Amino acid sequence: MSDDGSRSPANGGFISGLPKVELHLHLEGTVGPGLLARICSERGLPPGDIYGFADFGEFLDAYRRVVELLTDPWDFYHVAETLCSRLAEQGVVYAECIFTPQIHMRRGLEHEEVVRAILRALDEAAARGGPRVSLIYDTVRQWGAEAAVECARLAASDRQAGVPVVAFGVGGDELSLPADELKEAFELAGRAGLKRYVHAGEVGGPDSVWEALEVLGADRIGHGIAAARDAALMRELAQRQVALDCCPTSNLRTRAVGRIEEHPLPVLLKNHVPVTLGSDDPGFFGSWLEDEIALCVRTWHWSPEAVSLLMKAGARHSFLEASAKEKLLQCISRRHRTIE
Ligand code: ADE
Ligand code: ZN
């Protein structure tokens, strides 16, 4: 029985009251049709029907179409503000949000202004007792080695300037570039005190996860679900305590996984691989963290304790410093809605 006295494993009350941790969420991917329509109507633009996609490649195209409509640094204030409200509604107390600065710089937006707008929204939300949000700057894999180094430098200098950047990462088309090409950027980031976040094993195979570990020194991996096909790799992840941030709805919508019953999350857990739960791009997939939890509870009949353990795994594998991690763990145990 759960500590709020509820009996049903699928108890919605337990889930909604549980403090949550979300470690795999793209800032740009939180822009859903409603927010985009609002942004476009302010400048008299019809957004059109641009969210459609049938597989991972088409998803990346839709992502680009949506992002191109964010043309004013102030749009990012609205995006981050809306995100913080949605996180607070779900009881998310801590999130690590992936942000891809070069997409916007290449379109001529002033990086400092965009970051200022995001930080304003994050600071206002924190002042209201909302979630604490750290940033992971990521590069686009298909843009190559040079862009990766540039992004790692930007992450390092913004961190130095006080922006809450905790990690450097890579997303985009996992199959487009060998990991070797990204080694220099990840080494630079590591030397600057940043953690290393790698999207791998989402549409690629176990080799992609091995490379993330061995070549790039990943501290945590986005998706990594292909690891479930390789027992030695699962042992390695468990031994090194490198977590996989799993996003089941994302995997279904991009067709990385055919049916939820085939999702390897239970196999990973059974093999002691550290796993956290994320929503990836809720604006595109229509599923936020609480929906992901509900999906897992429905599919695998998770108990409230299992859900709570997963949120604690999020705290443990976050890129927060040790004392903040401890506070976050206590906040989950005591069911407090703020970290302090
Ligand atoms: N960027 C946004 N969502 C992504 C995903 N699921 N995989 C790789 N890059 C992404
Ligand atoms: Zn992602």
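One structure accompanies this document, and this report is about it. Because the structure is predicted, anything quoted here is derived from the model rather than measured.

**Looking at the packing of helix 2 (residues 33–42) against helix 4 (residues 73–90)**
Packed helix pairs are specified by the crossing angle of their axes together with the interaxial distance, meaning the distance between the axes.
Alright, step 1. At a closest axis distance of 11 Å, the pairing of helix 2 and helix 4 adopts a crossing angle of 155 degrees. In this view, helix 2 runs roughly antiparallel relative to helix 4, as classed from their interaxial angle. Every pair of crossing elements has a handedness; the one defined by helix 2 and helix 4 is right-handed. On helix 4, the residues touching Leu-35, Arg-38 and Ile-39 of helix 2 are Asp-75, His-78, Val-79 and Thr-82.
Alright, step 2. In terms of residue class, the contact of helix 2 with helix 4 is made up of three nonpolar, two polar and two charged.

**Looking at the environment of Arg-196**
Alright, step 1. Considering the arrangement of structural elements, one finds Arg-196 in strand 5 (residues 195–200).
Alright, step 2. Once the C-alpha coordinates of Arg-196 and Gly-171 are considered, the two residues, 25 residues apart in sequence, prove to be 12 Å apart.
Alright, step 3. Here Leu-216 takes part through its backbone oxygen, which lies 3.1 Å from a polar atom of the side chain of Arg-196.

**Description of the coordination of the zinc ion (ligand 2)**
Alright, step 1. Note on the zinc ion (ligand 2): its protein donors are His-24 (NE2), His-26 (NE2), His-199 (NE2) and Asp-280 (OD). The metal-donor distances range over 2.0 to 2.3 Å.
Alright, step 2. Classification of the site at the zinc ion (ligand 2) rests on its four donor atoms, whose angles at the metal span 83 to 172 degrees, yielding the label irregular.
Alright, step 3. Counting the intervening residues between successive donors of the zinc ion (ligand 2) yields the motif H-x1-H-x172-H-x80-D. Highlighted residues: His-199 in strand 5 and Asp-280 in the loop between strand 8 (275–277) and helix 13 (282–285), separated in sequence by 81 residues.

Reading guide: rules and limits
Residues numbered from 1 in each chain as written. Chains lettered and ligands numbered in written order. Predicted model: local features only at pLDDT ≥ 70, side-chain atom pairs only at ≥ 80, totals over all residues. Heavy atoms only, no water. Axes fitted to C-alpha atoms, helices over the stretch in contact; angles between N-to-C directions. Helix = DSSP H or I, 4+ residues; strand = E, 2+ residues; numbered from the N terminus. Parallel < 35°, antiparallel > 145°, perpendicular 65-115°, else oblique. Left-handed = near helix turned anticlockwise from the far one by under 90°. Contact = heavy atoms within 4.5 Å. Nonpolar A, V, L, I, M, F, W, Y, C, P; charged D, E, K, R; others polar. Polar contact = N/O pair within 3.5 Å; in protein donor to acceptor, adjacent residues only side chain to side chain. Donors = N, O, S within 2.8 Å, 3.2 Å for Na, K, Ca; no water. Tetrahedral: all angles 85-135°; square planar, octahedral: opposite > 155°, others 65-115°.

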